[in-house]
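Report on the structure
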Amino acid sequence: MPEPAIHEEHDDVLGRAFDRRLAGRLWATARAHHRLVWGSVALFPFITLLELAQPYLLKIAIDDHILHADWTGLTAVAVVYAAVLGALYGLRLMEAFLMALTGQRVIHDLRARLFEHLLRLEAGFFDRTPVGRLMTRVLSDVEAVSEAFTSGLFAVVADVVTLVGVVAIMLWMDWRLALVTFAIVPVLFAVAGYFRIRARDAYREVRRRLARLNAFLQESIQGMAVIQLFAREAHERAEFQQRNEDYRRSLFTSTRFEASLYAGVEALGSVALALLVWYGGGRILDGALTFGALVAFIQYTNRFFLPIRDLGAKYTVMQAAMASAERIYSLLDRGPEVETPRATRAPAAAAGRVAFEGVWFAYADERWVLADCSFTVTPGEHVALVGTTGEGKSTCVRLLNRTWDVGRGRVLVDGVDVREWDLGRLRRHVGVIFQDPVLFTGSVESNLTLDGDGGRVAVERALSAANAAALVERLPQGLATPLVERAANLSHGERQLLAIARALVYNPAILVLDEATSSVDPESERMIRDAMARLMAGRTTITIAHRLSTIHDADRILVLHRGRIHEEGTHAALLKRGGLYARLHELGAGAALG
Amino acid sequence: MCLAIATGLSLLIPWTVKHAIDALAADGAAAPLAHYVGLIVFCAVGNGAARLASRFAIAGAAQHVAADLLARLYAALQTFPPSAFARYTTGDLMARATSDVSAVRSLVGFGTISAASTVLAFVGALAAMMAVDPWLTVWAMAPSPVLVLLVRRYNALVTTRTHAMQDRLGELSTIVQERLAGMGVVRAYTMEARAAAEFAGANAALRDASAELARTQAHFTPLMGLVTGLGTLVILWAGGTAVASGRITLGALVAFTGYLGYLAWPTVALGFTLALGRRGLASMERIQQVLGDARTAADDTAAGVAPEAAVRFANLTFAYEGRPPVLRGVSFEVRPGELVAVVGPTGSGKSTLGLLLARLWEPPPRTVFLGGVDVTTLPLGRLRSALAWVPQDAFLFSRALADNVTLGRDGLGEGDVRRAATTAGIAEEVAAFPAGWDTVVGERGLTLSGGQRQRVALARALAAAPPLLVLDDVFANVDAAKEGQILAGLRAAAPTILLMTHRLRAAQGADRIVVLDEGRVVETGAHAALLAADGLYARLWRMQRLEEEIARA
Ligand SMILES: Nc1ncnc2c1ncn2[C@@H]1O[C@H](COP(=O)(O)OP(=O)(O)OP(=O)(O)O)[C@@H](O)[C@H]1O
Ligand SMILES: Nc1ncnc2c1ncn2[C@@H]1O[C@H](COP(=O)(O)OP(=O)(O)OP(=O)(O)O)[C@@H](O)[C@H]1O
Ligand SMILES: [Mg+2]
Ligand SMILES: [Mg+2]
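The shown structure was predicted, so the numbers you read here are calculated from the model rather than taken from an experiment. The written sequence of each chain sets the order in which its residues are numbered from 1. Lettering for chains starts from A, numbering for ligands starts from 1, and both go in the order in which the items are written. Local features in a predicted model are, by the rule used here, given only for residues with pLDDT of at least 70; side-chain atom pairs are given and counted only at 80 or more, and totals for whole chains, interfaces and linings are based on all residues. Only hydrogens and water are removed before side-chain values are computed, so all heavy atoms of the structure are retained for them.

A short note on the domain arrangement of chain B
For each domain, the first and last residues come from an automatic or database assignment. Under the domain assignment used here, chain B contains domain 1 (2-171 + 201-292) and domain 2 (311-552). In this structure, domain 1 of chain B and domain 2 of chain B have C-alpha centres spaced 60 Å apart.

Pasting the structure below:
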């Protein structure tokens, strides 16, 4: 199966020059917790100092006390040493905790930002981007970025501080020996530089494949019934396995870099030690160096390479984090295409007037779904929109509540172009019941009061108008009954009833019903229609339905055909006219079998 | 193996240093320094190479283990009936498949590497230290028992906190998944603020749970550092006296501190390893939980002759968990070649019949028969290849339309797709798309109209020309003209059809109509007979008729 181009993201185009900017943005994210950050940074010098004191104490012990069999002096050194250990333990504990805490806070903030950003993105984005891919961003990419802080940035700063300390003390003790040790450093840089570029590419690939794997998994979980019904388990498993394998392979590639870097640094460390013995040994022979100093030096060399080895490990973590950060920021940078304009205009009166003026619309390219579509709905009117399937009825609804923006022409609600409305207000003003009744996990009641308002009274009234009161009563815990994902524990029609009730609780000035009762039996539908007529009296309603019996009593029926309103009028008038509507009606009546 | 070599080689280094120093101390001029230096370099390079090889081997193995685990998880999910999916949300399952699997990967990978190198390092270093001076070794190891006790105490805490943290992650993941998948509703009902608030709550809970865990784990590394430090302290003190009294050489003392230094890193790593290990084990439990829920008797072989198409429900009573029965004593039959329609009010149990027939829910034994065979005794693969069920809400994958119809089934060519699409009344519309059958639809078929989605799902069921069709309200979003056309085509193809519908017009021409009400069959018969009986069906029919009459007038 060819992977569609639109589902792949263009994160490859992000250059490497991005690094500094990326690091800057990461820092900006962490700044909210600067107190924690500085708190742990402030600990570093103390920790380093204490760590460096240890070998020096050892040197003193050997040179001044052990070699002279100075018993009391040795004890004194031992006591100091113990004190250093205790202090070190306390400081390290604080450091570790502060670091972890900062990491968690940064994840928390970044996640919230990402999620809130996603909530603002337009429908077109979600048409193209699988949810599983987005989940990977919000959940695991964010975690990788926080690694950049906990084991990355902090540890790097800590390591650098340690290094500076070690270098200083080594130079102070014997600069010649120190220089011998440092001779290895340029080699180190060369090695790290080589890995840097490759590792980043490898990590980008890892993240991309992980997103692909997760998207597939997410969709499989949701469509598992279909897979099972058509006995496609083996086939889907093979598809999944292929993505799983792809991911594993990319992971292994990245491991190669990690491991090589680690081993390289380790080997270099030992080479430095060899140099030290060789050169230091010579200097002892010359009498320029004490034994204690050489021993301490060897320990310092160890301490010199520990942070460097660490840096090597951190380096790869940082590369992984950067790869994730790129993905996160590229998503954050993608502004919503449909959003509230800077200068909004409020309508003079929220009467419920709707007007399409020469609207052209295409989802993609120039494939016009609506072509020069014009109609008006006056306040309080009950209008029906009919047309054959795929004609563009639901599309009209999406333009009305500005899920999409028109290509040409205007959509006016109460005299104001929807593009000038405050988006939230517009959508509070125009309520839509969708063709596909999506409900969420949670209680029935929480599903009825989506935007948070709506008291018990409103809920009960809406339920009875939607003919759902009996249904709710039948449920084991009434309004508190938990619904599972997508309300799979209700029948399809029951879901539609709740979706209707939900819209009534929402109580908009203009109500749009897009096939709201398509899976409801005729009797219930009839009752709902009557109740709605009472509840929505004086308010604008637009009904879309294929079952013409649902809409025959509308004030006006608009027939959508080839992207425009082909004819309009009352049921009787349209029948008399003998046009498209009459034909639809005739065919419907004759749709019986045999 | 490689690790053992690496450890051996790296242990040689302090030993060499010891000899170098002793040689220097004994007789500076005669010390073969170059000799020692060469040995150290050799050890270093060998150590690096061996370590590299071992890392590749172990990390590679861990990645394999994780990939296999994920594959097993996926296979288990494939056996999940809807009832199991009701227990886990998609988001929770996703969290397990990602975060938990990767925790296991770390356990097997880093965990094994550092555990193995720690053990080897300890064993090697201990042996070497014993060789230098047993008495001093005992001293150096004195603080270790304390370590064991402390670690034990923390482990229990880490486990419970890991569980808590992963559960929070599952909750957060659920919110993200559901809200993003239901974005249309979120947007239209200006639910953004509430969604963000819910997210914020779960997000904060996760942060706190993670911080709790981190607080426990923060102890590990400093603790290990403390213990090694104490070792050095003891050596300094006890060893110092020994050197002073001339019992051991200065070189031996230096080598000792070298060994302890060598142990420092593995010991610190031990803390990290233990944390990883705990987290990995806790995650493994969560994965096992899903694996344990897999339906064991799952048999997806379609081998054997498919039972001929005839359905019989015999005194079927069925209740969903914790609910009163939704079907009560339902009995009726669909004979080969017949079209039987099931009608009835919303929630009367029509879809449940289909779910039980396809065994997405398990019916009681001897109540549902396909071709005279109790479906509960049929292998699932065989049962499902004998019927094509079009569910009430059409689910499409975000793939090309052609792939959505064939679902990768062998032997389904372009011709079959066209034929099925023509019968389903979707061929012309698809042909009008710029990419035709290669058009990739959004998730769940998001980029198609409601009616188009339903008809693609119908085409999918028709593609393999199944002997039995179960159509659950598939015309709900299709106009009446299309509906009539499709039904006529289906009849001409003449498979056995079980049709659930609210459109009485579609039911009108059925060989038999079964009227369900609150889970009971209240009437059966042909259209005319039912009208004559003047029951529920007649009432519903009149209601639809009446409206049309009124409209006509
Ligand atoms: N998100 C989308 N992206 C691209 N094309 C789309 C999208 N949504 C709908 N379309 C296409 O636009 C056309 C009109 O779709 P729309 O959903 O408005 O039809 P409809 O009149 O509501 O049909 P139905 O009665 O089947 O629900 C269809 O051909 C459909 O394939
Ligand atoms: N998974 C489930 N768990 C618990 N109860 C369920 C589950 N699925 C359905 N029900 C309940 O069983 C009853 C019958 O549902 P079913 O889907 O069979 O109805 P239906 O006749 O198909 O209705 P519709 O016409 O709305 O599609 C409903 O009251 C519903 O709430
Ligand atoms: Mg539609
Ligand atoms: Mg149903």
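Anyway, onward from the coordinates.
Remarks on the domain arrangement of chain A
For chain A, the assigned domains read domain 1 (20-333) and domain 2 (354-592). Computed from C-alpha atoms alone, the centre-to-centre distance between domain 1 of chain A and domain 2 of chain A is 56 Å.

Notes on the coordination of the magnesium ion (ligand 3)
Residues and elements named next belong to chain A. In this analysis a donor is any N, O or S atom within 2.8 Å of a metal ion (3.2 Å for sodium, potassium and calcium), and since water is not included, sites may seem incomplete. Note on the magnesium ion (ligand 3): its protein donors are Ser-394 (OG) and Gln-435 (OE1). The metal-donor distances range over 1.9 to 2.4 Å. A residue pair is termed long-range when its members are at least 10 positions apart, and Ser-394 in helix α11 (residues 393-400) and Gln-435 in the loop between β6 (430-433) and β7 (442-443) qualify at 41 residues. As far as burial versus exposure is concerned, Ser-394 and Gln-435 are alike and both buried. Counting from the N terminus, the helices are the DSSP runs of H or I reaching at least four residues and the strands are the DSSP runs of E reaching at least two. Categorising residues by exposure relies on relative accessible area from a 1.4 Å probe, with only protein chains included: less than 20% of the type maximum marks a residue as buried, more than 50% marks it as exposed, and the intermediate range marks it as partly exposed.

Let's talk about the interface of chain B and chain A
Contacts between residues were defined by any pair of non-hydrogen atoms, one from each residue, lying within 4.5 Å. Each partner contributes to the interface: chain B provides 165 residues, whereas chain A provides 164 residues. The term buried area means the drop in 1.4 Å probe accessible area that two parts suffer when joined, counted for both and summed. Where chain B abuts chain A, roughly 15500 Å² becomes buried across the two surfaces, and 67% of that area is made up of carbon and sulfur atoms. By definition, a salt bridge exists where a carboxyl oxygen of Asp or Glu is found within 4 Å of a side-chain nitrogen of Lys or Arg. Scanning the region where chain B abuts chain A turns up three salt bridges. Under this definition, polar contacts are N or O atom pairs within 3.5 Å; protein pairs additionally need one hydrogen-donor-capable and one acceptor-capable atom, and for neighbouring residues in sequence, both atoms have to be side-chain atoms. For the pair chain B and chain A, the interface holds 38 residue pairs in polar contact (both at pLDDT 80 or more). By residue number, the principal contributor to the side of chain B that touches chain A is helix α2 (residues 33-78) of chain B, which donates 22 residues. Residue type decides the class: Asp, Glu, Lys and Arg count as charged, Ala, Val, Leu, Ile, Met, Phe, Trp, Tyr, Cys and Pro as nonpolar, and the leftover types, Gly among them, as polar. Taken together, the residues of the side of chain B that touches chain A break down into 86 nonpolar, 45 polar and 34 charged.

Re the site of ligand 2
Residues are classed as near a molecule or strand on a simple rule: at least one heavy atom within 4 Å of it. Around ligand 2 sit 20 residues in total, of which Ser-491, Gly-493 and Glu-494 of chain A together with Ser-351 and Thr-352 of chain B are the nearest. Mapping the residues adjacent to ligand 2 onto the chains of the assembly identifies chains A and B. The separation between an oxygen atom of ligand 2 and a polar side-chain atom of His-502 of chain B is 2.7 Å. Each accessible area is a Shrake-Rupley estimate made with a 1.4 Å probe; only the visible protein chains count as cover when residues are assessed. When ligand 2 is considered free in solution it has 630 Å² of accessible area, and contact with the protein chains removes 92% of it. Mapped by element, the contributors of at least two residues to the shell around ligand 2 are α16 (492-506) of chain A together with α11 (350-357) of chain B. Residue composition of the shell around ligand 2, grouped by class: five nonpolar, 12 polar and three charged.

Some thoughts on the pairing of strand β1 (residues 354-362) of chain A
All names here are of chain A. Most of β1 sits out of view: seven of its nine residues are buried. In the sheet, β1 pairs with strand β4 (residues 408-413) via five bridges, with the strands oriented antiparallel. By the bridge assignment, Phe-356 is partnered in β4 with Val-411. Think of it this way: DSSP has to see at least two bridges between two strands before they count as a pair. Of the pairings in the sheet, the one linking β1 to strand β2 (residues 368-377) comprises six bridges and is antiparallel in character. Looking across to β2, one finds that Val-359 is bridged to Cys-373. Turn length for the β1-β2 hairpin, with the two strands adjacent in sequence and antiparallel, is five residues, and the turn residue Asp-365 shows positive phi of about 50°.

Details of the coordination of the magnesium ion (ligand 4)
Protein coordination at the magnesium ion (ligand 4): the donors are Ser-351 of chain B (OG) and Gln-392 of chain B (OE1), at 1.9 to 2.3 Å from the metal. With Ser-351 of chain B in helix α11 and Gln-392 of chain B in the loop between β6 (387-390) and α13 (401-406), this residue pair connects regions lying 41 residues apart in the sequence.

So, the environment of Leu-499 of chain B
Residue and element names in this part refer to chain B. Here Leu-499 lies in strand β8 (residues 496-500). Given the relative accessible area of 0%, Leu-499 is considered buried. When the C-alpha atoms of Leu-499 and Val-470 are compared, they prove to be 6.0 Å apart, with 29 residues separating the residues in sequence. For Leu-499, the residues in contact, after removing those within four places along its chain, are Leu-339, Val-340, Ala-341, Val-342, Leu-471, Phe-475 and Ala-506.

Topic: the pattern of salt bridges
Counted under the stated rule, the structure contains 56 salt bridges over all chains. In this structure, Glu-171 of chain B engages Arg-168 of chain B in a salt bridge whose closest nitrogen and oxygen atoms are separated by 3.2 Å. Within this pair, Glu-171 of chain B and its partner Arg-168 of chain B are both found in helix α6 (residues 144-181), separated by three residues, close to a single helical turn. On the basis of relative accessible area, Arg-168 of chain B is assigned to the partly exposed category, the value being 25%. As a salt-bridge pair, Arg-215 of chain B and Glu-212 of chain B come within 2.6 Å of each other at their nearest N and O atoms. Of this pair, Arg-215 of chain B and Glu-212 of chain B both sit in helix α8 (residues 192-217), three residues apart, which is roughly one turn of that helix. Among the residues examined, Glu-212 of chain B registers a relative accessible area of 29% and is labelled partly exposed. When salt bridges with common partners are traced through the structure, they connect Arg-212, Glu-245, Asp-246, Arg-248 and Arg-249 of chain A into a single cluster.

A look at the site of ligand 1
With respect to spatial proximity, 21 residues lie near ligand 1, and among them Asp-127, Ser-394, Thr-395 and Gln-435 of chain A together with Ser-449 of chain B are the closest. More than one chain reaches ligand 1: its neighbouring residues belong to chains A and B. Thr-389 of chain A is positioned with one of its side-chain polar atoms (N or O) 2.9 Å from an oxygen atom of ligand 1. The side chain of His-546 of chain A places a nitrogen or oxygen atom 2.7 Å from an oxygen atom of ligand 1.

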